[in-house]
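Working through the structure, step by step
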Amino acid sequence: MGCCIGDCCVMDCGFCCIMDFCSDRGSSCSYHPREKKTVDHSKKIADELAAMKSRANEEGKKIGDEAFSSINQYMSEFIQHLKKINSGTYGGKKLNIKMDVIEQEIDKLRNEVSNFIGDRLNDRLILTDSELSLILAEHNDKKRSKNFDDFYARVHKQAVLDLVGKIEEVIAKQFAMVDTEIRTRLQEVDSSMQEALQSYNDAEKLKEQQDSALAQKQIDCMYRVTIADIMSDELKVAV
């Protein structure tokens, strides 16, 4: 019993022959060269895609970190200066600006920049990407590799260009966040000082009122004493 059509058998292959599909009394062959080739190709592109994603994340983070450190130098110096101011006492009051909150927010923005290129590339490095799927469908390894590299270079370049806009956005967010935090705290300090001043003024007014009332009582007492003295003198004359 053989699994052959014409002269397709290769030596004594038993139930199998090198065909995409053949039958032996209704039974299908267990060996499918084209299917295996497809599996091999799928594994290749999966490995290539994984390697490219790893490369994208590594290169993207490096570029993002360097860019952030470069443009954030002024902000770092400003934060250090702000810490010194924050540790001082002014009119008996501390600013108590929430420096930890500011630094946490800056770290979040740093991550946005650091991961920007990697995230942008990962959005394109997927099998469902219309352009990339056509490139990966190519079975010629050299041709596929070249097209894949060209695709990566183009997407990477665009991601770097878009990073400029992202950095501008992050810088604006940083200054807005720091400005808001400082202004909020200054308003709180000012409000506290206004309350203290009002309390002082109220105390002064109360003291003035008390002093005035005391002075009135003193005058009244002096008047009574004077009248008493006059009456005493009159009585002495009469006697």
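None of the values given here were measured: they were computed from a predicted structure.

Attention shifts here to the side chain of Lys166. Of note, Lys166 is situated in helix 6 (residues 141-238). With a relative accessible area of 14%, Lys166 lands in the buried category. Among the polar contacts listed, one links the side chain of Lys166 to the side chain of Glu112, at a separation of 3.0 Å. Other than its neighbours up to four places away in sequence, Lys166 contacts Glu112 and Phe116.

By the element assignment, Ile63 lies in helix 1 (residues 33-71). Judged by its relative accessible area of 28%, Ile63 is partly exposed. For the pair Ile63 and Ile117, spaced 54 residues apart in sequence, the C-alpha separation works out to 8.1 Å.

Of the volumes computed, that of the largest pocket is approximately 170 Å³. Forming the boundary of the largest pocket are Phe68, Ser69, Asn72, Met75, Ser76, Ile79, Glu103, Ile106, Asp107 and Arg110. Elements that contribute at least two residues to the lining of the largest pocket include exactly helix 1, helix 2 (73-86) and helix 3 (99-114). With four residues, the single largest contributor to the lining of the largest pocket is helix 3. Across the lining of the largest pocket, the residue classes tally to four nonpolar, three polar and three charged.

So, how was this worked out
- Residues numbered from 1 in each chain as written.
- Predicted model: local features only at pLDDT ≥ 70, side-chain atom pairs only at ≥ 80, totals over all residues.
- Heavy atoms only, no water.
- Helix = DSSP H or I, 4+ residues; strand = E, 2+ residues; numbered from the N terminus.
- Buried < 20%, exposed > 50% of the residue type's maximum accessible area, 1.4 Å probe, protein only.
- Polar contact = N/O pair within 3.5 Å; in protein donor to acceptor, adjacent residues only side chain to side chain.
- Contact = heavy atoms within 4.5 Å.
- 1 Å grid on protein atoms, 1.4 Å probe; cavity = no way out; pocket = protein on both sides within 12 Å on 5 of 7 lines; lining within 4 Å.
- Points joined across faces, edges and corners; volume = space filled by probe spheres on them.
- Nonpolar A, V, L, I, M, F, W, Y, C, P; charged D, E, K, R; others polar.

Limitation: the analysis is restricted to geometry and does not speak to function.
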